[in-house]
Amino acid sequence: MAQDVNALRVRTLFLSDLHLGTKGCQADALLEFLKTYDADTIYLVGDIVDGWKLKSGWYWPQAHNDVVQKLLRKVRKGARLVYLPGNHDEFLRDYIGVNLGGIELADYAVHEAADGKRYLVIHGDQFDLVVRHARWLALLGDGAYSAALFVNTYLNMVRRRLGLTYWSLSSWAKLRVKNAVNFISRFEELLAAEAHRQQADGVICGHIHHATMHDQFGVAYVNTGDWVESCTAVVEHYDGSFQLIRWTEVQLEVTRVEGLAAPVISEKAA
Ligand SMILES: [Mn+2]
């Protein structure tokens, strides 16, 4: 398609929490975004397809198909696509380590940026149980922490086998508005600690639908956000710098600039 010729090229593109297969997914906006950006490597950081929702009723409009086609087309054109399943597309965790038509499936990845820095890339649901009980788990030390990570993964696997819906940390935290900030920062702290434990310079994750970039916990913490509420993505430029893109704000800016450009030109003409 012609629009790709003018696409902005970045070294790496990180997307998470698209929730394709749900009415909440802002597929049209996402499609526009994917037409605008091209990348050498694309990381899908989990909750791309919402298997939990699809199970309780098929919802798959054309726009959702278009998003998938767009991504596959980028692979055909030479992009490397790494898919790190999350809790909503957990059914794909059965295929970890498999290469499906050029798509690499993995639990987590270590991304080496252009400047040599290493980032742990992981969805983040693996830490739900620890986030909820972090205080006493921290007291019990590293063994308990690892055990909790293990229990968390298998608890959700069992829930899935039993056909139960996924227990969602983010919606649970949102219901407890007063504590939501605490949960977010606890999540961030744990993910940062995990990156540190794996001797990485930072972590890139999703899951809690809260896009941000900071280094409050000693390493870089990058959250790609989502395409349900915030329409956000993270790109790595060729110099190794990272940028958080809030797509709706970019769109507003384009409209504003175009709106401003017209009177300036007519002023000159006058
Ligand atoms: Mn998730």
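Residues numbered from 1 in each chain as written. Predicted model: local features only at pLDDT ≥ 70, side-chain atom pairs only at ≥ 80, totals over all residues.

**Quick look at the sheet that holds strand 9 (residues 212–214)**
Here is step 1 of the chain: The mixed open sheet is built from 5 strands, whose spatial order is 6-7-8-10-9. Unpaired on one side and paired on the other, strand 6 (108–112) and strand 9 mark the two borders of the sheet. Strand-to-strand twist of the sheet, defined as the mean angle between neighbouring strand axes without regard to direction, takes the value 15°.
Here is step 2 of the chain: Across 4 bridges, strand 8 (residues 202–205) lies against strand 10 (residues 220–223) in parallel orientation. Within strand 10, the residue paired with C205 across the bridge is N223. (Pairing = 2+ DSSP bridges. Helix = DSSP H or I, 4+ residues; strand = E, 2+ residues; numbered from the N terminus. Axes fitted to C-alpha atoms, helices over the stretch in contact; angles between N-to-C directions.)

**A few points about helix 1 (residues 27–36)**
Here is step 1 of the chain: Within the sequence span of helix 1, burial applies to A27, L30, F33 and L34. The buried residues of helix 1 occupy an angular sector of 115° when the element is viewed end-on, so they sit on one face. (Buried ≥ 20, exposed ≤ 12 C-beta atoms within 10 Å, placed from the backbone. Arc of directions from axis to C-beta.)

**Overview of the confidence of the model for the protein**
Here is step 1 of the chain: The share of residues in the protein with pLDDT of 70 or more is 82%, and the mean pLDDT across the chain is 85.
Here is step 2 of the chain: pLDDT under 50 marks residues 262–270. Its contacts with residues more than four places away, or in other chains, come to 0 contacts. (pLDDT = per-residue confidence, 0-100. Contact = placed C-beta atoms within 7 Å.)

**Brief notes about the sheet that holds strand 5 (residues 103–105)**
Here is step 1 of the chain: Across the sheet, 7 strands lie side by side as 4-5-3-2-1-11-12; this open sheet has mixed pairing. Each end of this open sheet is capped by a strand with a single partner; those strands are strand 4 (99–100) and strand 12 (242–246).
Here is step 2 of the chain: Pairing between strand 4 and strand 5: 2 bridges, direction antiparallel. Residue N99 lies in a different strand from strand 5, and its bridge partner there is E104.

**A word on the pairing of strand 11 (residues 232–236)**
Here is step 1 of the chain: Of all the 5 residues making up strand 11, 5 are buried; the element is thus mostly covered by neighbouring parts of the structure.
Here is step 2 of the chain: Residues T232, V234 and E236 line one face of strand 11 and the alternating positions A233 and V235 line the opposite face, and both faces are buried.
Here is step 3 of the chain: Bridge count for strand 1 (residues 8–15) against strand 11 is 3 bridges, and the pairing is antiparallel. Along strand 11, the bridge assignment pairs L13 with V235.
Here is step 4 of the chain: Two successive antiparallel strands, strand 11 and strand 12, enclose a turn made up of 5 residues, where G240 displays a positive phi of approximately 90°.

**Here we look at the environment of C231**
Here is step 1 of the chain: Here C231 is to be found in the loop between strand 10 and strand 11.
Here is step 2 of the chain: On the neighbour-count criterion, C231 (21 C-beta atoms within 10 Å) is buried.
Here is step 3 of the chain: In the structure, C231 is positioned 204 residues away from A27 in sequence and 9.6 Å away in space, judged by C-alpha atoms.
Here is step 4 of the chain: Among all residues touching C231, those that are not within four sequence positions of it are Q26, A29, R246, W247 and T248.

**Details of the pairing of strand 7 (residues 118–122)**
As a general feature of sheets, a regular strand has side chains that alternate between the two faces.
Here is step 1 of the chain: The buried fraction of strand 7 amounts to 4 of the 5 residues, a majority that puts the element mostly inside the structure.
Here is step 2 of the chain: Where strand 6 and strand 7 come together, 5 bridges link them in antiparallel fashion. The partner of H111 across the bridge, within strand 7, is Y119.
Here is step 3 of the chain: Following strand 6, the chain reverses through 5 residues before pairing antiparallel with strand 7; G116 in that reversal takes a positive phi of roughly 90°.
Here is step 4 of the chain: In terms of strand pairing, strand 7 meets strand 8 through 3 bridges, oriented parallel. Bridged to L120 within strand 8 is V203.

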